[in-house]
Amino acid sequence: MLDDFLARAALAGIGLSLATGPLGCFVVWRRMAYFGDATAHAAILGVALAFGFGISVYAGTLAMALVMAVLVSRLAARGHAMDTALGVLAHSALAFGLVAASLQPGLRVDLSAYLFGDILAVSRADLAVVWGGALAVAGLIAWRWQALLTATLNEELAMAAGLDPRREQVVLTLALAVVVAVSIKIVGALLIASLLIIPAAAARAGARTPEAMAVLAAALGMLSALGGLGLSLGLDTPAGASIIAVAAGLFALSLAVGRRGA
Amino acid sequence: MTALIEAQGLTVRFGGATVLDRVDIAVTPGEIVTIVGPNGSGKSTLVRALIGLQAPAAGRVARKPGLRIGYVPQRLHIDAGLPLTVRRFLSLPARVSDGAAAEALARCGVAGLEVRQMAGLSGGQFQRVLLARALLARPEILILDEPTQGLDQPGTAAFYRLIEEVRATTGAAVLMVSHDLHVVMSASDRVICLNGHVCCEGAPSVVSAAPEYRALFGLGTRGAFALYRHEHDHDHDHDHGHGHDHAHPHQLAAEAEDAR
């Protein structure tokens, strides 16, 4: 089954959704959408550096995503307006990444695969990385679930209960960096954040508890991946963008369902 | 008795401004201590420093090792994107059984709200659910930061009655911040009047008569003293379980109006 590129693509999308569903919920609840964007855009710089130093693309993007996440947290802690800090960092990282990539002749051709992803080119090794990373992130979030949720609800409440909100922030930062690193080949740097946010936002209307929303977000992510692949196959459209388009369609549907329910 | 929580010479600065200046405070088991003070007097900062949310610039804060704190924050904003039933909320940070959750809600006078969304509660219900959650940690001390903000006067009086009941049944100490002067005095064993530093402190009758307190809050606060006397005319040692109404809210509200 793994010999079929379409099966590999579907499995990659399903595996990734296991992580992006629950993580995306936290991105929505904590209003970290821009944070996700900044981390993802930094990944392009990671790709360029990985090629430059001849290391694995996964290692390069993971390292850059982590550096960016730490940088953003620091800036925010210093009292800079968050959206300004993120706007500066996200777009600078993307710009530097594009500049650095252009200095390497071999990478110029490849770059669009990392900007927009190419889920249909996922190899068996990529598949192993995606599932490994996604399961690690899902496991990490499941393990820290109660503490993450309490810290997300109210930092003071968490601290009064003896939890350290900064540690939970680190957990999410780490999870985000891993997700960015493993998904850059699938949906690309420009669309990773949307894979986090859109299924989670769509899941909101149908959920009464945080757990239900996380599970629903993962399910909607899988549905988007499969639907997007179908769309891509039928209309010969780019797979990554098609996946996000289907997710957006599901979100629009959820608005209608939510309105009827209310 | 050894203090549950204690600060000595606690000084907190924000930038160049000294918000708290050498504050000494201690709460011992089972007592109800209320911090009153005008806006900007450092009440919330003091509470945050006692819990450990705010690092002191000088002085020290000591908490009994392993102290179980039940905290009711001043405001709890729940993001519209976060679906949360009352039942689920009660299971944060530690999961509790359905039975314990139902009992805590009943004790706080909001039985049966489990399936409701937190975002859909009224102000009074919301505060009571916050209190119920704090009680589930079996706290040795309850810390409440202006818990009756946004409640009307009968709602506020009822909430403070509930706090007294909780202290009576669980033996937890209570530290609260308030500017509901008229009602809060009655519920407290000790009042600390704060304005960057501790202006005066002691039994409610002592504090409301103190010149420092009068200077901060004006003469209108004589009404608070009247209320205090009114409620405490009752014998306090008897059993609370006989439906005896302690603090007739309508009468209280009327007297508070008279006092102005």
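Residues numbered from 1 in each chain as written. Chains lettered and ligands numbered in written order. Predicted model: local features only at pLDDT ≥ 70, side-chain atom pairs only at ≥ 80, totals over all residues. Heavy atoms only, no water.

A. Fine view of the sheet that holds strand 1 (residues 5–14) of chain B. All names here are of chain B. In space, the three strands of this open sheet follow the order 2-1-4, with antiparallel pairing throughout. Since the sheet does not close on itself, it has two edges, and those belong to strand 2 (17–27) and strand 4 (58–63), each with one partner. Sheet twist, expressed as the mean angle between neighbouring strand axes with direction ignored, is 25°. Sheet strands in contact with helix 1 (residues 43–51) are strand 1, strand 2 and strand 4, and its direction is about 120° off that of strand 1. (Pairing = 2+ DSSP bridges. Helix = DSSP H or I, 4+ residues; strand = E, 2+ residues; numbered from the N terminus. Axes fitted to C-alpha atoms, helices over the stretch in contact; angles between N-to-C directions. Contact = heavy atoms within 4.5 Å.)

B. Summary view of helix 5 (residues 153–170) of chain B. All names here are of chain B. Between its first and last C-alpha atoms helix 5 spans 26 Å; for 18 residues at 1.5 Å apiece the expected length is 26 Å, and the two agree. Among the residues making up helix 5, those that are buried are Thr 156, Ala 157, Ala 158, Phe 159, Tyr 160, Leu 162, Ile 163, Glu 164, Val 166 and Arg 167. Sitting at the amino-terminal end of helix 5 is Asp 152, which places a side-chain oxygen 2.9 Å from the backbone nitrogen of Gly 155. One or two positions beyond helix 5, positive phi appears at Gly 171, with a value near 75°. (Expected span 1.5 Å × (residues − 1). Buried < 20%, exposed > 50% of the residue type's maximum accessible area, 1.4 Å probe, protein only. Polar contact = N/O pair within 3.5 Å; in protein donor to acceptor, adjacent residues only side chain to side chain.)

C. How the structure looks around the sheet that holds strand 7 (residues 173–178) of chain B. Residue and element names in this part refer to chain B. Reading across the sheet, the six strands line up as 5-6-7-3-8-9 and stay open at both edges, with mixed pairing between neighbours. Each edge of the open sheet carries a strand with a single partner, namely strand 5 (69–72) and strand 9 (198–202). Going from strand to strand, the sheet's axes swing by 15° on average, the running direction of each strand aside. Sheet contacts for helix 4 (residues 123–136): strand 5 and strand 6 (141–145); angle to strand 5, the most-contacted strand, approximately 165°. Running at roughly 160° to strand 7, helix 5 makes contact with strand 3 (32–36), strand 6 and strand 7 of the sheet.

D. Up close: a nonpolar patch on the surface. Nonpolar side chains collect at one region of the surface, where Leu49(A), Phe53(A) and Ile55(A) lie side by side and expose about 310 Å² of accessible area between them. For Phe53(A), the location among the structural elements is in helix 2 (residues 33–53). (Patch = residues over 30% accessible without salt bridge, like charges linked within 9 Å, V, L, I, M, F, W, Y side chains within 5 Å. Areas by Shrake-Rupley, 256 points an atom, 1.4 Å probe, with all protein chains shown as cover. Salt bridge = Lys/Arg side-chain N within 4 Å of Asp/Glu carboxyl O.)

E. Just the packing of helix 2 of chain A against helix 4 (residues 82–102) of chain A, in detail. Residues and elements named next belong to chain A. Contact geometry for helix 2 and helix 4: axes closest at 7 Å, N-to-C directions at 20°. If you check the angle between helix 2 and helix 4, you find them roughly parallel. Once helix 2 is placed against helix 4, the crossing between them reads as left-handed. Residues Tyr 34, Phe 35, Ala 38, His 41, Ala 42, Ile 44, Leu 45 and Ala 48 of helix 2 form the contact with helix 4, whose participating residues are Met 82, Leu 86, Ala 90, Ala 93, Leu 94, Phe 96, Gly 97, Leu 98, Ala 100 and Ala 101. Residues that form the contact of helix 2 with helix 4 fall into these classes: 16 nonpolar, two polar and no charged. (Parallel < 35°, antiparallel > 145°, perpendicular 65-115°, else oblique. Left-handed = near helix turned anticlockwise from the far one by under 90°. Nonpolar A, V, L, I, M, F, W, Y, C, P; charged D, E, K, R; others polar.)

F. Molecular detail of the nonpolar core. Residues Val129(B), Leu131(B) and Ile141(B) are the most contacted members of the largest nonpolar core, which totals 106 residues. Dropping the residues within four chain positions of it, Ile141(B) is found in contact with Leu4(B), Ile5(B), Val27(B), Leu67(B), Arg68(B), Ile69(B), Gly70(B), Ala173(B) and Leu175(B). Grouped together as the second largest cluster of nonpolar side chains are 39 residues, Ile44(A), Leu94(A), Leu111(A) and Val182(A) included. (Core = buried A, V, L, I, M, F, W, Y, C linked by side-chain atoms within 4.5 Å.)

G. View of the interface of chain B and chain A. Listed as interface residues are 29 residues of chain B and, on the opposing side, 22 residues of chain A. Around 2,200 Å² of area is buried between chain B and chain A when both sides are counted, 59% of it from carbon and sulfur atoms. Linking chain B to chain A there are four salt bridges. Two residues, Arg95(B) and Glu211(A), come together in a salt bridge whose shortest N-O distance is 3.9 Å. The interface formed by chain B and chain A includes twelve residue pairs in polar contact (both at pLDDT 80 or more). (Buried area = accessible area lost by both parts, 1.4 Å probe.)

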